[in-house]
Amino acid sequence: MSDIESRLAGLEREVGRLRDERDIMQLIASYGPAVDTLSADETAALWAADGVYDFGGEPLSGAAAVGRLVDLPGHRDYVARGCAHVMALPVVDVDGDTATATGYSRVYAGTGDGWKVERVSANHWQLVRTPEGWRVRHRVNRPLDGSPGARGVLGRAFERGGPT
Amino acid sequence: MSDIESRLAGLEREVGRLRDERDIMQLIASYGPAVDTLSADETAALWAADGVYDFGGEPLSGAAAVGRLVDLPGHRDYVARGCAHVMALPVVDVDGDTATATGYSRVYAGTGDGWKVERVSANHWQLVRTPEGWRVRHRVNRPLDGSPGARGVLGRAFERGGPT
Amino acid sequence: MSDIESRLAGLEREVGRLRDERDIMQLIASYGPAVDTLSADETAALWAADGVYDFGGEPLSGAAAVGRLVDLPGHRDYVARGCAHVMALPVVDVDGDTATATGYSRVYAGTGDGWKVERVSANHWQLVRTPEGWRVRHRVNRPLDGSPGARGVLGRAFERGGPT
């Protein structure tokens, strides 16, 4: 029985990690649909109550404030033209009840004759397990414009040594 | 024994869901390679026999009809220029033998001097488990050109309440 | 007991495959952050010691040589402008201790007024399980410029029959 017990425990650990990674990927994949449909509530729901979104300038602090980004004039203009905030598959690292994810995002905005790549950014997400599921505690987004700061955000993919 | 039985059953349920999500992601990831290699058969094979693809205009009805989209003049022209139909990581929701997936797609087409973003769309996929695996029952694709219809497609990501 | 044994063994097999696929996806997702931060070491660490990267021209042979691609003048120029090497979700096929992955990659480079899509490519990855984890044994990358060769790379997604 102890062999069965240890195999069950090992499977539960592995499956728990796969589920956490899946939940985090789905959380990140939900960001674009939330903001591109101008849904303040769905956007806010991705963040922890005291979560922060720092995309340059003054960081938005608290889930409700993050949700209100859909009302920023620049964002409204993007959506009126036709807009897609697309997250690439991130590098994810789960450690108990916290996790990080590092990866690219792109904003495509309509021009009337196709779409322009308006923004290509490095993102580092800090995530936290809450009673309601994984939520964003802190996200930093910096445009990949050649500045060392944006490369520094991207380099956080390797803080724990990268994939094993 | 009943504890082991219930833990085994729980694991089988969780692993089954992870496998379903993986299969659905892989199905969606196969769409681009199928159409960009002009493979009517591989494209048709992703759809259920009576599946539908609605990308504006008259929907294509039945897997064979969907497969023949690779012979549309506009598609042939894209492929001659160099073409990539790239699906972003979707929000996936499995419910027994059916599932939905909602996310972005982009068409990049060669210009001779790089690639132009020809189309950025919202997609909602309805999927069904068949004896041969998951297949597409219905896919709707609408360009994100600022119209409310495309945003409505994207908003279906939250029909079941989004990620948990 | 034999029923429990066979269910445990089945779960271990399934979970092992899901874990392999996850590790391979994470390996591929790490490529962009490695090269876009000019990290020769992180780039080399993704390849097997005798792995090859063939992106046209003379293939780079050996992990150390692959890592040195970050010092190529063209790459340095991209990074100075602001650069993102973004991999799309690939079609992955694991077979014991080897695997393949087929999918798209894109290079976005800064223009000072947004980002240009500099390269859209088909990729076929051959991967191998090593004592340190999954590594790249061979990667081929060809720009999707309308040439049959690039379509051939993409068509390798269907060599094993595609998703099941």
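Since this is a predicted model, take the numbers as computed values, not measurements.

> Any chance you could break down the packing of aromatic side chains for me, citing the residues and the numbers?
Taken as a whole, this structure holds 18 aromatic pairs over all chains when the rule is applied. Note on Trp47(A) and Tyr53(A): the rings are 5.5 Å apart at their centroids and 40° apart in plane angle, and the pair reads as tilted. Grouping residues by exposure puts Trp47(A) and Tyr53(A) together as buried. When the ring of Trp47(B) is compared with that of Trp125(B), the centres are 6.3 Å apart and the planes differ by 40°; the resulting orientation is tilted. You can see Trp47(B) sitting in strand E1 (residues 47-54) and its partner Trp125(B) sitting in strand E6 (residues 115-130), a full 78 residues away along the chain. Relative accessible area serves as the criterion here: at 3%, Trp47(B) is assigned to the buried category.

> Could you give me a rundown of unusual backbone geometry, with the residues and numbers involved?
One non-glycine residue, Leu38(A), adopts positive backbone phi at about 60°. Inspection of the secondary structure assignment puts Leu38(A) in the loop between helix H1 (2-36) and helix H2 (40-44).

> How would you sum up the relation of the copies chain C and chain A? Please name residues and give values.
It takes a turn of 120° to lay chain C on chain A, together with a shift of 0.0 Å along the axis; the resulting RMSD is 0.0 Å. In the structure described here, the two chain copies are related by an operation that fits a three-fold rotation axis.

> Before we move on, can you summarise helix H5 (residues 148-155) of chain C with the specific residues and values?
Of all the residues in H5(C), the buried ones are Ala150(C), Val153(C) and Leu154(C). One side of H5(C) carries all its buried residues, which in axial view fall inside an arc of 100°. Structurally, H5(C) contributes buried residues whose contacts are with helix H1 (2-36) of chain B together with strand E5 (98-110), strand E6 (115-130) and strand E7 (133-143) of chain C.

> Can you lay out the packing of H1(A) against helix H1 (residues 2-36) of chain C for me, pointing to particular residues and giving the numbers?
Packing of H1(A) against H1(C) brings their axes to within 10 Å, and their N-to-C directions diverge by 35°. Crossing of H1(A) over H1(C) shows left-handed handedness. Contact with H1(A), carried on its side by Ile4(A), Arg7(A), Leu8(A), Leu11(A), Glu14(A), Val15(A), Arg17(A), Leu18(A), Glu21(A) and Met25(A), involves Ile4(C), Glu5(C), Leu8(C), Ala9(C), Leu11(C), Glu12(C), Val15(C), Leu18(C), Arg19(C), Arg22(C) and Gln26(C) of H1(C) and no other residues of that element.

> Quick rundown of the interface of chain B and chain C? Include the residues and the values.
With 41 residues of chain B in contact, the opposing surface of chain C contributes 34 residues. Both faces considered, chain B and chain C share a buried interface measuring about 3,200 Å² in area, 64% of it formed by carbon and sulfur atoms. Considering only the surface of chain B that becomes buried against chain C, Arg22(B), Gln26(B) and Trp115(B) emerge as the three largest contributors, covering 21% of it. At the surface where chain B touches chain C, the tally comes to 5 salt bridges. Close ionic contact of Glu14(C) with Arg19(B) constitutes a salt bridge, the shortest N to O distance being 2.8 Å. At the junction of chain B and chain C, the tally comes to 13 residue pairs in polar contact (both at pLDDT 80 or more). Only H1, helix H4 (73-81), strand E3 (83-87), strand E5 (98-110) and E6 of chain B provide two or more residues apiece to the side of chain B that touches chain C. The element contributing the most residues to the side of chain B that touches chain C is H1(B), with 20 residues. A per-class count over the side of chain B that touches chain C returns 22 nonpolar, 8 polar and 11 charged.

> Tell me about the environment of Arg17(A), and please be specific about residues and values.
Position of Arg17(A) relative to the elements: it lies in helix H1. On the basis of relative accessible area, Arg17(A) is assigned to the partly exposed category, the value being 38%.

> Give a description of the pairing of strand E7 (residues 133-143) of chain A that names residues and reports values.
Residue and element names in this part refer to chain A. As defined by bridge partners, strand E1 (residues 47-54) adjoins E7 across 4 bridges and the pair is classed as parallel. The residue bridging Asp 54 from the neighbouring strand is Val 140, located in E7. In terms of strand pairing, strand E6 (residues 115-130) meets E7 through 10 bridges, oriented antiparallel. Directly across from Trp 125, in E7, lies its bridge partner Arg 139. The loop that links E6 with its antiparallel partner E7 comprises 2 residues.

What counts as what
- Residues numbered from 1 in each chain as written.
- Chains lettered and ligands numbered in written order.
- Predicted model: local features only at pLDDT ≥ 70, side-chain atom pairs only at ≥ 80, totals over all residues.
- Heavy atoms only, no water.
- Phe/Tyr/Trp six-rings, centres within 6.5 Å; stacked < 30°, edge-to-face > 60°.
- Buried < 20%, exposed > 50% of the residue type's maximum accessible area, 1.4 Å probe, protein only.
- Helix = DSSP H or I, 4+ residues; strand = E, 2+ residues; numbered from the N terminus.
- Least-squares fit on C-alpha atoms with pLDDT ≥ 70 in both.
- Arc of directions from axis to C-beta.
- Contact = heavy atoms within 4.5 Å.
- Axes fitted to C-alpha atoms, helices over the stretch in contact; angles between N-to-C directions.
- Left-handed = near helix turned anticlockwise from the far one by under 90°.
- Buried area = accessible area lost by both parts, 1.4 Å probe.
- Salt bridge = Lys/Arg side-chain N within 4 Å of Asp/Glu carboxyl O.
- Polar contact = N/O pair within 3.5 Å; in protein donor to acceptor, adjacent residues only side chain to side chain.
- Nonpolar A, V, L, I, M, F, W, Y, C, P; charged D, E, K, R; others polar.
- Pairing = 2+ DSSP bridges.

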